[in-house]
Amino acid sequence: MISIRVIDSITELQPADAGCIALSGSHGGLSSARYALAVRPLLSVFNDAGIGLDEAGIAGLALLQAQGLAACAVSHTSARIGQAHSTLNDGVVNCANDAALALGIRLQQALQPQIDHLSRRHT
C-alpha cells in the first residue's frame, strides 16, 4: 500500500515523502504547490480555499501538472481549511489536474473512498 501523509500544512512534507499521497489542509495556490514540487508526491491534495481572484486558490494544480505531478483540491465548503483530517474525512473533490484525473480522481465525489482505492491500487 502506498504511504499516505496527512498533514495540516503542505510545508510539513519531507524528502522521504516522495511518492506518497500528500493530504493537506493547505490552499492549492502557487506557494503551496512549490512545497509539493520539491518532494514530488504521487498525489497532492489541497483545499480550494474558495478558489479566489484569478483562481489563486488552485493555481498550484497547473504548476504541478506542468511537472507531471497529480494534484486536486477539495471544496472549501466541504472541508476546513488548514485541517488535513477534515480534507480526508469530509472533503469533496472540486478541482483536479489532468494527472490526478488519470490516476482516477473524480470531481464532485468524496475524497476518502478515492484515496482508499488509489492507495490500494498503487502498491
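The shown structure was predicted, so the numbers you read here are calculated from the model rather than taken from an experiment.

**Considerations on helix α2 (residues 59-66)**
Here is step 1: Residues of α2 that are buried: Gly-60, Leu-61 and Leu-64. Buried residues of α2, viewed axially, fall in a sector of 105°; they line one side. Turned more than 90 degrees from where α2 packs its buried face, Ala-62 and Ala-66 sit exposed.
Here is step 2: Once α2 finishes, Gly-68 follows within two positions and takes phi at roughly 75°, a positive value.

**Let's talk about unusual backbone geometry**
Here is step 1: Its identity is not glycine, yet Ile-51 carries a phi of approximately 70°, on the positive side.
Here is step 2: As for its placement among the helices and strands, Ile-51 is situated in the loop between β3 (43-47) and α2.
Here is step 3: Here Glu-55, not a glycine, exhibits a phi torsion of approximately 55°, which is positive.
Here is step 4: In this fold, Glu-55 is placed in the loop between β3 and α2.
Here is step 5: Relative accessible area serves as the criterion here: at 49%, Glu-55 is assigned to the partly exposed category.

**Comments concerning the pairing of strand β2 (residues 21-27)**
Here is step 1: With six of seven residues buried, β2 is to be regarded as a mostly interior element.
Here is step 2: Direction of pairing for strand β1 (residues 4-7) relative to β2: parallel, over a ladder of four bridges. Bridged to Ile-7 within β2 is Ser-24.
Here is step 3: Summarising the sheet, β2 and β3 pair through four bridges and their orientation is parallel. Its bridge partner lying in β3, Ile-21 is registered against Leu-43.
Here is step 4: This β-α-β element, β2 to helix α1 (residues 30-39) to β3, shows right-handed connectivity.

Calculation rules
- Residues numbered from 1 in each chain as written.
- Predicted model: local features only at pLDDT ≥ 70, side-chain atom pairs only at ≥ 80, totals over all residues.
- Heavy atoms only, no water.
- Buried < 20%, exposed > 50% of the residue type's maximum accessible area, 1.4 Å probe, protein only.
- Helix = DSSP H or I, 4+ residues; strand = E, 2+ residues; numbered from the N terminus.
- Arc of directions from axis to C-beta.
- Pairing = 2+ DSSP bridges.
- Right-handed = clockwise from strand over helix to strand, strands pointing away.

Spatial relationships are all this shows, so hold off on functional conclusions.
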